[in-house]
Every structure is written in C-alpha cells, then in structure tokens.
Amino acid sequence: MIEWRNLYRGLIMGASDVVPGVSGGTMAVLLGIYERFIDALNGIFTREWKRHLAFLIPLGVGIVAAMVSLAKVIKLGI
C-alpha cells in the first residue's frame, strides 16, 4: 500500500535540497524517516522490492516536485 504522507515528507526534503547548506538527509533525520529511507534504498534489490517502492515513489515524487517548483521560483527572483 502506497504511503501518501510520504509525498509531504518528500516536499519538505526537496525544499531543503534547494536551500544551500541544508540537505534532504538532514530533513529525513528530523522527520524520523532516515533509517527507513536507507533500508528502502537497500531493499530495492530484494524480494520485498514492491513494499520498498511503495515507500520510495511518493517520497521521490515529492522531492522532485519541490525541487522543480522552488528552483523556478528562485530563478524568477534572481
């Protein structure tokens, strides 16, 4: 089952990636999902890959959406 709340977590991680000096990994620690994120990345090549993708896909969509939209906002502001 896809965890849609990870979309919001991904938005926060992606927004922090756009800010210089702040990383998405730091936000993952603050959000309490860092260990699960690393486990999911390692688990892609196991038999439980579907469960890990259900965690990673909404997270990745949020990260990409935040990075693209905020990069455009910063570009317009410069």
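Our structure is the block above this text.
Quick summary incoming for the structure in this document. Since we're looking at a predicted model, the values are computed, not measured. (Residues numbered from 1 in each chain as written. Predicted model: local features only at pLDDT ≥ 70, side-chain atom pairs only at ≥ 80, totals over all residues. Heavy atoms only, no water.)

Nonpolar side chains tend toward joint burial in soluble globular proteins. Judged by nonpolar contacts, Met13, Met27, Ala28, Ile33, Ala40, Phe55, Leu56, Leu59 and Ile63 together constitute the single largest core of nine residues. Breaking this core down by element, the ones donating at least two residues are α2 (24–31) and α4 (49–77). No other element matches α4, which puts four residues into this core. Excluding residues within four positions of it along the chain, alanine 40 makes contact with His52, Phe55 and Leu56. (Core = buried A, V, L, I, M, F, W, Y, C linked by side-chain atoms within 4.5 Å. Buried < 20%, exposed > 50% of the residue type's maximum accessible area, 1.4 Å probe, protein only. Helix = DSSP H or I, 4+ residues; strand = E, 2+ residues; numbered from the N terminus. Contact = heavy atoms within 4.5 Å.)

Relative orientation and spacing of two packed helices are given, respectively, by the angle between their axes and the distance between those axes. Axis separation between helix α1 (residues 5–18) and α4 bottoms out at 6 Å; the angle between their running directions is 40°. On the basis of the axis angle, α1 is oblique to α4. The handedness of the crossing between α1 and α4 is right-handed. On α4, the residues touching Asn6, Leu7, Arg9, Gly10, Leu11, Met13, Gly14, Ala15, Asp17 and Val18 of α1 are Phe55, Pro58, Leu59, Val61, Gly62, Ile63, Ala65, Ala66, Met67, Leu70 and Ile74. Grouping the constituent residues of the contact of α1 with α4 by class yields 15 nonpolar, four polar and two charged. (Axes fitted to C-alpha atoms, helices over the stretch in contact; angles between N-to-C directions. Parallel < 35°, antiparallel > 145°, perpendicular 65-115°, else oblique. Left-handed = near helix turned anticlockwise from the far one by under 90°. Nonpolar A, V, L, I, M, F, W, Y, C, P; charged D, E, K, R; others polar.)

The values reported here are purely geometric and, on their own, carry no functional implication.
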